[in-house]
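Breakdown of the fold
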Amino acid sequence: MITLSGVTKAFSCGKPNEFTAVTNVTLEIPPRQVTVFKGPSGSGKTSLLTLIGCMSRPTSGRIQLHGLGVPIPFQEDTAVPLEITGLPERFLTIIRRSIFGFVFQQCNLITGISVLENVMLPAYTSGERLSEVARRALLLLEQFGVARHARQPVELLSGGEAQRVAIARALINNPAIIIADEPTAHLDSKLSQEFMEIVSGLKRDGKSILIASHDPIVFDSGIIDRVVEMRDGTILDDRSVR
Amino acid sequence: MIRTGERQRNILEFALSSLHRRRGRNLSLLAMYVLIIFVLASLLFFVSALKREAALVLHDAPDLIVQRMIAGRQELIPVEYGAEIASIRGVAEVRSRLWGYYFDSWNGANYTVIAHNSPTGTEGGAAIGSGVARSRKVKVGEMFPLRTPGTEPLLLEVKTIFPDSSDLRAADLIIISTADFSRLFNFPVGKVTDLAVTVTNVRELPTVAAKIASLHPDSRPILKSEIQRTYQSIFDWRGGMTLLILLSAVLSFIIFAWDRATGLSAEERKEIGILKSIGWETSDVLLLKFWEGCAISLPAFLLGVILAYGHVFFLSAPLFSQALKGWSILYPRFQLVPVVDISQLLVLFFLTVIPYTTATIIPSWRTATIDPDAAMRS
Amino acid sequence: MILRPSTLALLLISLLVTGFSLTAGFHAMGIHDRWDPASGSEEQLELERKTYLISTIMNYVFPLELLSLILLLYTADELHPLFTGAMCAAGTLAVNPYGYPALLVKIVTALLAGVWLIMNHLDSRAFDYPLIRTKYLFLTLMMPLLVVECVLLFSYFSGIKPDIITSCCGSLFSHDSPTLSGDLISLPPVIMQALFFSAMALALLSGILFYRTGRYGQLFSALAAVTFPVSIASIISFIGLYIYELPSHHCPFCLLQKEYHFIGYFLYVPLFIGAVSGISARVISPFSANPSLRRIVPDTRRYLTLVTIICYLLFTLIATVEMIISPLKL
Ligand SMILES: Nc1ncnc2c1ncn2[C@@H]1O[C@H](COP(=O)(O)OP(=O)(O)OP(=O)(O)O)[C@@H](O)[C@H]1O
Ligand SMILES: [Mg+2]
């Protein structure tokens, strides 16, 4: 479970162009559910997800992770919730790497290297043997039906294939939580449907999934558990759809 | 907690693949880098090899040479001085030396002419250096003329040609008999060029030198160690000046490297953003940059040094020989003895790799601290 | 002034190191003053980014200091023919009053930089930057030393003129010289040998004791620190004699030369590493009061102790072997 209390993110603090992207958000996100953040452009969905995903730190407020089920190297007692707000970047990264998987609006694959290498990239820095990582990566590519492209450079992939490679990359470290920001923005409706299929599969595997989207295909889909509606950095509505 | 070795390996692997991906750009950097190292290394190797040669040449020079000075200029010294010096206590032997320079107006070269009464130095015969033989196009047994102050040129028969060797001096030598020497230069009788003094105990050299100076106030005793030191200083100075000039080249290379490291392409910036967003940390990116730097610097260093080694010790440094070897045009082909020691490599490393690395530290840090959420916002 | 590639390289490196360290020190002061872990402000984020810059710079400066120390000794050795009476590095360094101070300051900065890096490493393993103020204060205090080093090196090389009669290792380290080094070797070698072997034995014993039981850590560090100068004095006093096989050649530098198979490096490098880790073990011990370092500090101390034990053992072993195989008997 993830709990946020009074989380605020401001940019250019103390300058005339100060801007508060997320204002005083208090929220609980239960595990093993699909939670969708919806709202108009600029409402702070991406900002909120980067805060949860340990990519940036809130200006004020606290974010805690509970019951991770994964050992975090520096955490002495896994039963206490892990406060991520004041951690140095080094530790935020360790958490991000072992707990979160990210799917971006653009696929954000690195061009010039092969599909397989792209999928393996998040695991390079954790000190695992690359042959072991490659084995896992191939299994994932297999699972998403893109295994035959493994040795190809990524620029040759179609949009849907690239998306699936990006999902495989998000899963390489076997994270408990998947964060997807506008994952269907560049997909046509058929591919978007396929994406939701994959999400439902991940949910079945016991992963928590957070999606920011204003695509009806996403938030009208049957597998969604909760919808959080945002506007101007605050939460308007937070309801369960089950 | 993290298996460090494996992490280093993985990041190194990625660094190599990144360099490979941008090989066009990186090869041009590598080429400049190699060139800089090559030039500097050639200079260092060449100067130190020359210094060694000079030291070898001086090794069998006499401990003490006595010249005569009149009005601040070197003059010929009377032979009687030799006898008087020989009677100083501690002096083992005094040898009179006759030698001089011969300017060959035919090809603009300077020869060193030495009088020596040895088997090769019989009257009318000469032993010559390979440089002289080449410039005069003579072989053993052939005759060649030298101008004299009189009307008749001096005709000499080549008895021996010193082989091409590493000896700097040998190339421009002409050794002839004392009689021929007097004729060639119309040399005054009873005078010699200088006196070579050997002492029984080297520790007494300064004392002997002082005694000679007081015996003949117009004489100038010169110790071998003084000559050695002077030689070293001259080479140091010339080498240092050249190095200073070359350092400006290093500087422009550094500015180039700095500029490239700062002006990261948008694509590269995006890549780092992606890496950071998927779980790479600032120090991982710094490590990536470090390995990238190593993967450029080490091959450049090795290649530059190897090329310089070949240039100096196999090709005899055609790039510098004119500038550094001295006045004579007679040293076209001599082989330096290949010697490279660790301190030279260390100096070279300090003058090239370290400045390069330094120039890339701050740009690398800037790249590495790109916000991880940048990838979400592109 | 001597214009040589090696002196140019040394001066260049000294400028780089000083310039860079001053940058690091400047940022360190800023961090020391404005650090606020509770804040999520952009200023705090920027400061955090700067900690990476400082670590990178220091990680770079430390090996450079060590390498330039080696080059300094090399250069001093290489220059000795230029000075009448100088027979090796010892004489060259004595041609003007800046040589030895420059060397000394360089050794001290290298030692301190090593201690700093260990502290920095420790801090990076805890999740709340427990040492941030301490380590940056330490770094700021090191800055003047680096500037002094640079000034001394420049004064040394610019004041150097070939052909000055200097004392060389023969007279500088000979019995009648009134300096400290002279006093050192006028002690009978037997006393010095006894001192060296007992200091080494005590340091190693206390180290092993601390490693096994976790007690007497402070004693060990104190002994390790004392053993460092004692060992250097022993090199001058008697170890060197065995290596040179000359009963009166008391020089700490000649043994870095090729004639003696670079044996000096095999002595000085372990000695130096051992001293850095032994001293660091003491320096970091109060940090175990920090909750986030409670478990890390004792582990690190044990590890550092092990490093010191191995390094000092190596040093003693090499020195003893040299003494045994040398034909010289004192
Ligand atoms: N680094 C920044 N500096 C200043 N303002 C920023 C920064 N990042 C985001 N913002 C502002 O914060 C607000 C929220 O942005 P955010 O990307 O979270 O919105 P969003 O809900 O994801 O919008 P969209 O649906 O278009 O992706 C925007 O108005 C944006 O301009
Ligand atoms: Mg967005």
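Note that the structure is predicted; figures quoted are calculated from it, not measured.

**Brief notes about the overall build of chain B**
Counting secondary structure elements, chain B contains 12 helices and 13 strands. Along the first, second and third principal axes, the C-alpha atoms of chain B reach 95 × 50 × 35 Å. Here chain B displays about 17,700 Å² of accessible surface, and carbon together with sulfur accounts for 63% of that area. For chain B, the centre of its 38 positive side-chain charges and the centre of its 33 negative side-chain charges are spaced 4 Å apart.

**Concerning the overall build of chain C**
The number of helices and strands found in chain C is 11 helices and 0 strands. For chain C, the α and β elements follow one another from N to C terminus as α-α-α-α-α-α-α-α-α-α-α. On C-alpha atoms alone, chain C measures out to a radius of gyration of 22 Å, which is about the 20 Å that the 2.2 N^0.38 rule sets for 330 residues. The buried share of chain C, reckoned over its 330 residues, is 58%.

**What to know about the domain arrangement of chain B**
Each assigned domain of chain B is listed here: domain 1 (7-58 + 233-377) and domain 2 (63-223). One C-alpha centre belongs to domain 1 of chain B, the other to domain 2 of chain B, and the line joining them spans 47 Å.

**What about the interface of chain C and chain B?**
The partner chain B presents 31 residues to the 32 residues of chain C that form the contact. Here chain C packs against chain B, burying approximately 2,800 Å² in sum over the two surfaces, 76% of which is carbon and sulfur. Linking chain C to chain B there are 1 salt bridge. Across the chain C-chain B interface, the total number found is 6 residue pairs in polar contact (both at pLDDT 80 or more). Among the elements that make up the side of chain C that touches chain B, the one with the highest residue count is helix H2 (residues 42-79) of chain C (15 residues). Residue composition of the side of chain C that touches chain B, by class: 22 nonpolar, 4 polar and 6 charged.

**A few points about a nonpolar patch on the surface**
Together, Leu-317, Val-321, Ile-324 and Ile-325 of chain C line one region of the surface with nonpolar side chains, adding up to about 420 Å² of accessible area. Classification of Val-321 of chain C as partly exposed rests on a relative accessible area of 41%.

**A look at the site of ligand 1**
Among the 14 residues in the neighbourhood of ligand 1, the closest are listed as Ser-41, Lys-45, Thr-46 and Ser-47 of chain A together with Arg-377 of chain B. Surrounding ligand 1 is a set of residues that belongs to chains A and B. Note that an oxygen atom of ligand 1 is positioned 2.8 Å from one of the backbone N or O atoms of Gly-42 of chain A. Within the backbone of Gly-44 of chain A, an N or O atom sits 3.0 Å from an oxygen atom of ligand 1. Protein chains shield 68% of the accessible area of ligand 1, which is 630 Å² for the free molecule. Contributing elements (two or more residues each) for the shell around ligand 1: strand S2 (19-29) and helix H1 (45-52) of chain A. Here the shell around ligand 1 takes 3 residues from H1 of chain A, the largest share from any one element. Its residues assigned to classes, the shell around ligand 1 comprises 4 nonpolar, 7 polar and 3 charged.

**Points about the interface of chain A and chain B**
The interface of chain A with chain B comprises 36 residues on the first partner and 31 residues on the second. Taking both partners together, chain A and chain B bury about 3,000 Å²; carbon and sulfur atoms supply 58% of that area. Interface area lost by chain A to chain B is led by Ile-110, Tyr-124 and Thr-125 of chain A, which between them contribute 18%. Taken together, the links from chain A to chain B amount to 3 salt bridges. With its nearest N and O atoms 4.0 Å apart, the salt bridge here joins Arg-129 of chain A to Glu-6 of chain B. Linking chain A with chain B are 8 residue pairs in polar contact (both at pLDDT 80 or more). Of all the elements in the fold, those that place two or more residues in the side of chain A that touches chain B are H1 and helix H2 (89-99) of chain A. In terms of residues, the side of chain A that touches chain B owes the most to one element, H2 of chain A, which gives 6 residues.

**Section: helix H6 (residues 205-215) of chain B**
All names here are of chain B. Among the residues of H6, those classed as buried are Leu-205, Val-208, Ala-209 and Ile-212. On an axial view of H6, the arc spanned by its buried residues comes to 100°, and they lie on one face. Facing away from the buried side of H6 by over 90 degrees, the exposed positions are Pro-206 and Ser-214. Considering only its buried residues, H6 is in contact with strand S1 (64-70), helix H3 (79-86), strand S4 (91-97), strand S12 (194-199) and strand S13 (219-223).

**Side note on the sheet that holds strand S8 (residues 208-212) of chain A**
All names here are of chain A. Within the open sheet, the 6 strands sit side by side as S6-S7-S8-S3-S9-S10. Their pairing is mixed. Each edge of the open sheet is held by one strand with a lone partner, namely strand S6 (100-103) and strand S10 (234-240). On average, each strand axis in the sheet is tilted by 15° relative to the strand beside it, whichever way the strands run. Looking at chain direction, strand S3 (residues 34-38) and strand S9 (residues 226-231) are connected through 4 bridges and run parallel. Bridging from a neighbouring strand, Val-36 pairs with Val-227 of S9. Strand contacts of H1: S3, S6, strand S7 (177-181), S8 and S9, with the helix running at about 140° to S3, the strand carrying the most contacts. In this fold H2 packs onto S6 and S7, with an angle of close to 75° to the strand it touches most, S6.

**Some remarks on unusual backbone geometry**
Residues and elements named next belong to chain C. Although it is not a glycine, Tyr-129 adopts a positive phi angle of roughly 45°. Overall, the relative accessible area of 9% leaves Tyr-129 in the buried class. The phi dihedral of Tyr-216 is positive, around 60°, even though this residue is not glycine. One can find Tyr-216 in the loop between helix H8 (189-213) and helix H9 (217-244). Classification of Tyr-216 as partly exposed rests on a relative accessible area of 44%.

**Side note on the packing of aromatic side chains**
All names here are of chain B. According to the stated counting rule, one finds 27 aromatic pairs over all chains in the structure shown. Centre to centre, the rings of Phe-253 and Tyr-356 are 6.0 Å apart; their planes meet at 20°, and the pair counts as stacked. Taken together, the residues span a long stretch of sequence, with Phe-253 in helix H7 (residues 224-262) and Tyr-356 in helix H12 (residues 353-368) at a distance of 103 residues. A residue is classified by how much of its surface remains accessible, and Phe-253, at 1% relative accessible area, is buried.

**Details of the pattern of salt bridges**
Following the criterion strictly, the structure yields 32 salt bridges over all chains and no others. Residues Glu-83 of chain A and Arg-62 of chain A are paired through a salt bridge, measuring 2.6 Å at the closest nitrogen-oxygen approach. With Glu-83 of chain A in strand S5 (residues 82-83) and Arg-62 of chain A in strand S4 (residues 60-65), the pair connects residues that are 21 residues apart, well separated along the chain. Taking relative accessible area as the criterion, Glu-83 of chain A reaches 26% and is therefore assigned partly exposed. A salt bridge links Lys-276 of chain B to Glu-89 of chain A; the nearest nitrogen and oxygen atoms lie 3.6 Å apart. With Lys-276 of chain B in helix H8 (residues 266-277) and Glu-89 of chain A in helix H2, this residue pair bridges two chains. Linked by salt bridges that have partners in common, Arg-21, Arg-22, Arg-25, Glu-268, Glu-271, Lys-289 and Glu-292 of chain B make up one network.

**Observations regarding the confidence of the model for chain C**
Do not read the fine detail of predicted coordinates wherever pLDDT is low. Residues and elements named next belong to chain C. In this model, chain C carries an average pLDDT of 85, and 91% of its residues clear a pLDDT of 70 or more. Mean pLDDT values for the elements of chain C range from 45 in helix H6 (residues 169-172) up to 93 in helix H11 (residues 296-325). Note that pLDDT drops below 50 for residues 173-178; the model gives that stretch 19 contacts with residues more than four away or on any other chain. Both scores are given for the predicted complex: the pTM is 0.83, the ipTM 0.91.

Conventions and cut-offs
Residues numbered from 1 in each chain as written. Chains lettered and ligands numbered in written order. Predicted model: local features only at pLDDT ≥ 70, side-chain atom pairs only at ≥ 80, totals over all residues. Heavy atoms only, no water. Helix = DSSP H or I, 4+ residues; strand = E, 2+ residues; numbered from the N terminus. Areas by Shrake-Rupley, 256 points an atom, 1.4 Å probe, with all protein chains shown as cover. Lys, Arg positive; Asp, Glu negative; His and termini not counted. Charge placed at Lys NZ, Arg CZ, Asp CG, Glu CD. Rg over C-alpha atoms; globule rule 2.2 N^0.38 Å. Buried < 20%, exposed > 50% of the residue type's maximum accessible area, 1.4 Å probe, protein only. Domains from an automatic or database assignment. Contact = heavy atoms within 4.5 Å. Buried area = accessible area lost by both parts, 1.4 Å probe. Salt bridge = Lys/Arg side-chain N within 4 Å of Asp/Glu carboxyl O. Polar contact = N/O pair within 3.5 Å; in protein donor to acceptor, adjacent residues only side chain to side chain. Nonpolar A, V, L, I, M, F, W, Y, C, P; charged D, E, K, R; others polar. Patch = residues over 30% accessible without salt bridge, like charges linked within 9 Å, V, L, I, M, F, W, Y side chains within 5 Å. Near = heavy atom within 4 Å. Arc of directions from axis to C-beta. Pairing = 2+ DSSP bridges. Axes fitted to C-alpha atoms, helices over the stretch in contact; angles between N-to-C directions. Phe/Tyr/Trp six-rings, centres within 6.5 Å; stacked < 30°, edge-to-face > 60°. pLDDT = per-residue confidence, 0-100.

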